[in-house]
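Structural characterization, general
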Amino acid sequence: MKIVTILKQVPDAEARLRPAPEGVDLSGVSFVIDGMDEYGVEQALRIREGGTEAEVVALALGPARFEEAIRTALAMGADRAIHIETDSRLDPISQARVLAKVIEQEGADLVMVGGKQADWDSSALGPAVAEALGWPHSDWTTGMELREGSLTTVHDADEGTERLEMPLPAVITTQQGLNEPRYPTLPNIMKAKRKELRKTSLEEVGGAEALVELVGESLESRERRNVMLDGDPTEAVRELVRRLRDEAKVLAK
Amino acid sequence: MVLIIAEHSNGKLRKSSLELVQAGRELAESLGGDPVGVVLGENVTEVANELARYLPQVKLVDDPALAEVRAQTWTTAVSELAKTNSSQAVLFSAGRTGLSVAPRVAIRLNAPLLEDVTSLEVEGGKVAATRLAYLSRVTERVRARTLPVVISVKPNIFGLPSPGAEGSVEQVPVQFDANDQRVKVSEKRKPSGERVALEEASVVVSGGRGVGGPEGFENLVEPLAQALGAGIAATRAVVDAGWRPYSEQVGQTGKTVAPDLYVALGVSGAVQHLSGMNRSKVVVAINKDADAPIFKAADYGIVGDVNQLVPELTRAIEEEGS
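Numbering of residues begins from 1 in every chain and follows the order in which that chain's sequence is written. Each chain gets a letter, beginning with A, and each ligand a number, beginning with 1, in the order they are written. pLDDT decides what is reported in this predicted model: residues at 70 or higher carry local features, side-chain atom pairs at 80 or more are listed and counted, and totals for whole chains, interfaces and linings draw on all residues regardless. Hydrogen atoms and water are omitted, and side-chain values are computed over all heavy atoms in the structure.

Things to note about the environment of B:Ala230
A run of H or I in DSSP becomes a helix once it reaches four residues, and a run of E becomes a strand once it reaches two; helices and strands are each numbered from the N terminus. If you trace the backbone, B:Ala230 turns up in the loop between helix H5 (214-228) and strand S15 (231-234). Categorising residues by exposure relies on relative accessible area from a 1.4 Å probe, with only protein chains included: less than 20% of the type maximum marks a residue as buried, more than 50% marks it as exposed, and the intermediate range marks it as partly exposed. When its relative accessible area of 6% is taken as the criterion, B:Ala230 is described as buried.

Things to note about the sheet that holds strand S6 (residues 55-62) of chain A
Think of it this way: DSSP has to see at least two bridges between two strands before they count as a pair. Ordered by their spatial adjacency, 10 strands build an open sheet running S13(A)-S7(A)-S6(A)-S1(A)-S8(A)-S12(A)-S9(A)-S10(A)-S11(A)-S13(B), and the pairing between neighbours is mixed. Across the chains shown, the open sheet's two edge strands, defined by having one partner strand only, are strand S13 (197-201) of chain A together with strand S13 (184-189) of chain B. Looking at each pair of strands side by side, their axes are set apart by 25° on average, direction ignored. Relative to strand S12 (residues 170-174) of chain A, strand S8 (residues 110-114) of chain A runs parallel, the two being bridged by 5 bridges. Paired with A:Leu110 across the two strands is A:Ala170, which belongs to S12(A). Here the axes come from fitting lines to C-alpha atoms, over the contacting stretch only for helices, and the angles between their N-to-C directions go from 0 to 180 degrees.

Concerning the pairing of strand S7 (residues 80-85) of chain A
Residues and elements named next belong to chain A. Counting buried residues along S7, 5 of its 6 residues qualify, which places the element largely inside the surrounding structure. Direction of pairing for S6 relative to S7: parallel, over a ladder of 6 bridges. The partner of Ala58 across the bridge, within S7, is Ala81. Each parallel crossover has a hand, and the one from S6 via helix H2 (residues 67-76) to S7 is right-handed. Two strands pair when backbone bridges link them, and S7 and S13 are joined in this way by 5 bridges, in the parallel orientation. By the bridge assignment for S13, Glu85 is matched with Ser201. Consider the strands pointing away from the viewer: the crossover is right-handed when the path from the first strand over the helix to the second runs clockwise.

What about the packing of aromatic side chains?
Only the six-membered ring of Trp is used, alongside the rings of Phe and Tyr, when aromatic pairs are assigned; centres must lie within 6.5 Å, and planes under 30 degrees apart are stacked while those over 60 apart are edge-to-face, with the rest tilted. In this structure the tally under the stated criterion is 0 aromatic pairs over all chains. Throughout this description, the term charge over a ring refers to an Arg CZ or Lys NZ atom that lies within 6 Å of the ring centre and within 35 degrees of the ring normal. A cation over a ring is seen here: A:Lys8 above A:Trp120, with NZ or CZ 3.5 Å from the ring centre. Note that B:Arg96 overlies the ring of A:Trp140, its terminal NZ or CZ placed 3.8 Å from the centroid.

Overview of the confidence of the model for chain B
Low pLDDT means the predicted coordinates in that region are not meant to be read closely. With 98% of its residues at a pLDDT of 70 or more, chain B shows a mean pLDDT of 94. For this predicted complex, the interface confidence reaches an ipTM of 0.93, while the overall pTM sits at 0.91. The quantity called pLDDT is the predictor's confidence in a given residue, expressed from 0 to 100.

This is how it looks when you write it as structure tokens:
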């Protein structure tokens with residue numbers, strides 16, 4: 001079987017974002033492979049290591065710098081990679097259509113993608129790719145088991161968890177709890193340099209138009225009162241309750 | 001026409017769906033169409049009647065294929081309704097269901113998606129919204145280039161609507177094919193007890209490693225949550241340690257909440273956790289480490305031992321309520 005695992009490269013969670021006139025300044029920020037995508041790569045590798053004959057293909061759509069994240073996936077153990085290189089800012093819906101075309105050309109049986117990406121805070125990509133392909137999907141997946149031509153998954157729903165059964169091909173969105181992603185070892189990092197990383201462009205795969213435009217960005221700055229209540233614990237607690245009731249007005253009188 | 005996709009639980013409309021009615025009414029007023037409610041399910045006439053107390057028109061698709069919430073059946077039903085009614089906007093609540101179905105509907109309708117939005121405006125006939133990005137550290141303003149537009153609205157942002165005149169309920173048949181029904185829900189596990197759904201809770205009490213262990217949740221977090229009628233949340237460290245289920249995790253790799261009051265007990269305040277709760281209107285932090293980053297993100301902070309302070313706080317809140 002062929003497993004395509006979709007990757008993004010995102011700012012490190014600890015990276016300091018700075019405001020800039022035209023939005024948020026990302027220069028000097030360190031980037032990493034998106035943590036939620038790593039669960040997908042790991043799961044694909046485990047399927048292959050579990051005895052299923054599988055080729056694991058990493059697929060990314062984004063600017064040149066994404067190559068680092070792709071190399072990380074190759075160093076983890078993906079067999080080869082495809083990078084659709086573009087500087088265009090596309091929304092998840094238009095990206096999904098582009099990715100679906102490549103996934104169709106590849107003849108994939110299973111697609112893994114992170115449940116929510118840490119740059120655009122969106123969880124739309126997985127379901128949108130599934131719909132563009134006409135496939136079923138399991139989102140927020142914390143467990144999965146592959147059987148002959150079908151999948152059983154455990155995923156988070158609005159109320160508790162559900163077990164889902166679905167045929168292949170399918171799209172899985174991954175998250176924490178599914179597995180513990182491995183760290184690439186030095187020999188594997190070296191080996192990854194020789195693995196195939198096919199570059200293509202947005203135009204080559206048919207192009208795409210953004211459906212949503214970004215009008216502006218600003219750093220979230222929620223003013224907090226930052227009131228520290230000290231003194232005797234009993235007094236501090238009484239004062240807290242008084243302030244929650246009278247000042248913040250979040251307790252009913 | 002603005003379609004408002006309502007969700008229900010145990011035969012009742014979800015609170016987030018009522019907020020969606022409010023968002024939908026406002027959007028319909030700006031776009032110049034009618035707000036129309038949609039109820040999907042099996043044997044859910046009562047839910048449709050409840051929704052009709054808030055909206056002039058409700059479309060009801062009552063079908064055994066909709067007995068469980070499944071992304072593909074919902075996508076077919078909503079897309080059919082959107083097409084036959086030439087809808088300008090389709091609104092979902094941005095819970096697990098809405099976030100799962102809205103992107104599929106956007107693809108099906110070839111429509112832009114405004115996801116997990118915190119405000120909605122109409123500018124020159126186009127729908128614009130604000131939403132969070134970069135682990136909630138950035139607010140971005142986005143605009144859909146075309147209509148119709150599919151939108152998911154973050155819970156706890158829009159207020160609750162007042163009831164209006166009794167609206168009409170119309171049953172609408174939808175054809176589902178085998179493809180729509182490929183996914184089977186073979187088992188459901190609901191959290192035990194009558195707990196408030198975390199993403200919809202107007203008060204959330206969260207515990208970090210500082211509460212000491214699973215018993216810290218039982219003895220400190222749960223009683224306070226009970227007194228406040230709050231949802232219970234946990235940090236990633238707590239979930240990784242196996243003290244609490246993943247479904248309670250708030251943060252980058254868990255849920256995002258935006259309650260009126262967020263009480264963080266023994267939570268240090270890592271960026272990844274803050275990203276899940278920094279839309280909370282008022283934040284209280286109790287932690288013995290005076291340098292914990294959570295205090296910078298808090299409105300009120302007390303430095304001290306949770307074992308001593310939290311039972312006092314619980315008692316004080318109980319007295320408040322009585």
